[in-house]
Amino acid sequence: MNRGERIAFVAGSTRQAQTALKTLRKRYGSVPPDEADVIVALGGDGHMLETLHRFMGHQVPIYGMNRGTVGFLLNAYRDRGLRERLAVAQLVALRPLAMKATTIDGSRVAATAINEVALLRETRQAARVRIRIDGTVRMPELVCDGAIVATPAGSTAYNLSAHGPIIPLGAELLALTPINAFRPRRWRGALLPSSARLRIDVMEPKKRPVSAVADYTEVRDVRSVVVQEDRSSTLNLLFDPEHNLEDRILNEQFTP
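Residues numbered from 1 in each chain as written. Predicted model: local features only at pLDDT ≥ 70, side-chain atom pairs only at ≥ 80, totals over all residues. Heavy atoms only, no water.

S.K.: Before we go on, may I ask you to explain the pattern of salt bridges in this structure?
M.R.: Any two side chains of opposite charge can pair if their charged atoms end up close together. Within the structure shown, the criterion is met by 15 salt bridges. For arginine 220, the salt bridge goes to glutamate 122, with nearest N and O atoms at 3.6 Å. Here arginine 220, found in the loop between strand E15 (217–219) and strand E16 (222–229), pairs with glutamate 122, found in the loop between strand E7 (116–121) and strand E8 (127–133); they are 98 residues apart in sequence, far enough to count as distant. Salt-bridge contacts for lysine 207 lead to glutamate 204; the nearest nitrogen and oxygen are separated by 4.0 Å. (Salt bridge = Lys/Arg side-chain N within 4 Å of Asp/Glu carboxyl O. Helix = DSSP H or I, 4+ residues; strand = E, 2+ residues; numbered from the N terminus.)

This is how it looks when you write it as structure tokens:
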């Protein structure tokens, strides 16, 4: 089936995105997302993440065009030649993270992250956490502002800002990165196999409360968080051949 035959357009709320939505719908027509063979997302990286979450499990490839700021997960915006671009676009399959958080009061919350799961201190006091990998305690005590578990696609986002490593697509790795580690001071994180199951326990959760954030889903006052790759879900993104996601992630490692 030709990707460009049935296109669904979705857009962010900004004027720039909404103007592009009207232009493209007029030029190419539009079908509902559940009838489309491709979804075109118009906006920034935040809107792209929302679109990926919204249509997770639909198996319909998503092609983003940048009507925001950075646009790392998006292609350049052009209102002409869209069907031709879709026909030659390269498919990138991503796997998200599954987060299961248990709060101080015993509530359990599940969420999915495409970029990262981040644990963050809620008050002026540093967090104290214990990290287990596949059932084995690897870090008995980490005193820090927080910690990040990032996918390869998310390794260039918050993880990179926290001085974590950039992971090429297809490396079958996850990044575990501390945020402003106080003790042990020299620990800079770890690269883990994508099959790893991480459990992070919050020590003194009432005195030093911690929140867990899976992309944009926040759970306050957590006692423990389990994170692992969700191998039952696959996200299909489309990129122009001359500027695909793998090239972008590689280029980030050589950006001054």
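From this point, the discussion proceeds with the structure in view.
S.K.: Looking at this model, I keep getting lost on helix H1 (residues 15–28). Mind explaining?
M.R.: Along an α-helix, residues three or four apart share an orientation, since each turn contains 3.6 residues. In a regular helix each residue adds 1.5 Å, so 14 residues correspond to 20 Å; H1 covers 20 Å between its end C-alpha atoms and thus fits that length. Residues of H1 that are buried: Ala17, Ala20, Leu21, Leu24 and Tyr28. All buried residues of H1 lie within an arc of 110 degrees about the axis, which places them on one face of the element. Residues of H1 that are exposed and point over 90 degrees away from its buried face: Arg15, Lys22 and Lys26. For H1, the elements touching its buried residues are strand E1 (7–11), strand E2 (38–43), strand E3 (62–66) and helix H3 (82–88). The first or second residue beyond H1 is glycine 29, which carries a positive phi of 75 degrees. (Expected span 1.5 Å × (residues − 1). Buried < 20%, exposed > 50% of the residue type's maximum accessible area, 1.4 Å probe, protein only. Arc of directions from axis to C-beta. Contact = heavy atoms within 4.5 Å.)

S.K.: How should I be thinking about the sheet that holds E3 in this particular structure?
M.R.: Picture the strands of a sheet paired through backbone hydrogen bonds; they go either parallel or antiparallel. Ordered by their spatial adjacency, 5 strands build an open sheet running E1-E2-E3-E17-E4, and the pairing between neighbours is mixed. The open sheet has two free edges, formed respectively by E1 and strand E4 (90–94), since each of these has just one partner strand. In this sheet, neighbouring strand axes are inclined to one another by 30 degrees on average, regardless of whether the strands run parallel or antiparallel. As defined by bridge partners, E1 adjoins E2 across 5 bridges and the pair is classed as parallel. Across the sheet, alanine 11 pairs through a bridge with leucine 42, a residue of E2. In the packing of H1 onto the sheet, contacts are made with E1, E2 and E3, and the angle to E1 comes to roughly 165 degrees. (Pairing = 2+ DSSP bridges. Axes fitted to C-alpha atoms, helices over the stretch in contact; angles between N-to-C directions.)

S.K.: Can you help me understand unusual backbone geometry in this one?
M.R.: Most peptide bonds take the trans configuration, and most residues that are not glycine carry a negative phi. Of note, the bond from arginine 183 into proline 184 is cis; its omega dihedral lies within 30 degrees of zero at -5 degrees. Tracing the chain through its elements places proline 184 in the loop between strand E11 (173–179) and strand E12 (190–193). Positive phi values are uncommon outside glycine, yet aspartate 134 reaches one of about 50 degrees. As for its placement among the helices and strands, aspartate 134 is situated in the loop between E8 and strand E9 (136–144).

S.K.: Help me understand the nonpolar core in this model?
M.R.: Buried together is how nonpolar side chains tend to be arranged in soluble globular proteins. Of all hydrophobic cores here, the largest spans 30 residues; its most connected members are Met99, Val117, Ile131, Val222 and Val225. When residues of this core are assigned to their parent elements, the largest contribution, 4 residues, is made by E8. When sequence neighbours within four positions are dropped, the list of residues in contact with valine 222 reads Ala101, Thr102, Thr103, Ile104, Val202, Pro205, Val210, Ser211 and Ala212. Listed in part, the 25 residues of the second largest apolar core include Ala8, Val60, Ile114 and Ile249. (Core = buried A, V, L, I, M, F, W, Y, C linked by side-chain atoms within 4.5 Å.)

S.K.: Help me out: how do you make sense of the pairing of E2 in this one?
M.R.: Regular strands have side chains that alternate between both faces of the sheet. Of all 6 residues that make up E2, 6 are buried, and the element is covered over most of its length. Because side chains alternate across E2, one face comprises the buried residues Val38, Val40 and Leu42, and the other comprises Ile39, Ala41 and Gly43, equally buried. Viewed along the sheet, the connection from E1 through H1 into E2 turns out left-handed. Of the strand pairs in this sheet, E2 and E3 are connected by 5 bridges, and their pairing is parallel. Each residue of the ladder has a partner; that of leucine 42, found in E3, is methionine 65. The handedness of the E2 to E3 crossover, carried by helix H2 (residues 45–54), is right-handed. (Right-handed = clockwise from strand over helix to strand, strands pointing away.)

S.K.: I keep staring at the sheet that holds strand E5 (residues 97–103) and nothing clicks. Help me out?
M.R.: Reading across from one edge, E6-E5-E16-E13-E8-E9 is the order of the 6 strands in this open sheet, with antiparallel pairing throughout. A single partner strand is all that each edge strand has here, and the edge strands are strand E6 (108–113) and E9. When the angles between neighbouring strand axes are averaged without regard to direction, this sheet yields 20 degrees. Pairing of E8 with strand E13 (residues 197–203) involves 6 bridges; the strand directions are antiparallel. Within the sheet, the bridge partner assigned to isoleucine 133 lies in E13 and is leucine 198.

S.K.: Would you take a moment to explain the side chain of threonine 156 for this structure?
M.R.: Here threonine 156 lies in the loop between strand E10 (146–150) and helix H4 (158–161). When sequence neighbours within four positions are dropped, the list of residues in contact with threonine 156 reads Phe72, Ile166, Ile249 and Glu252.

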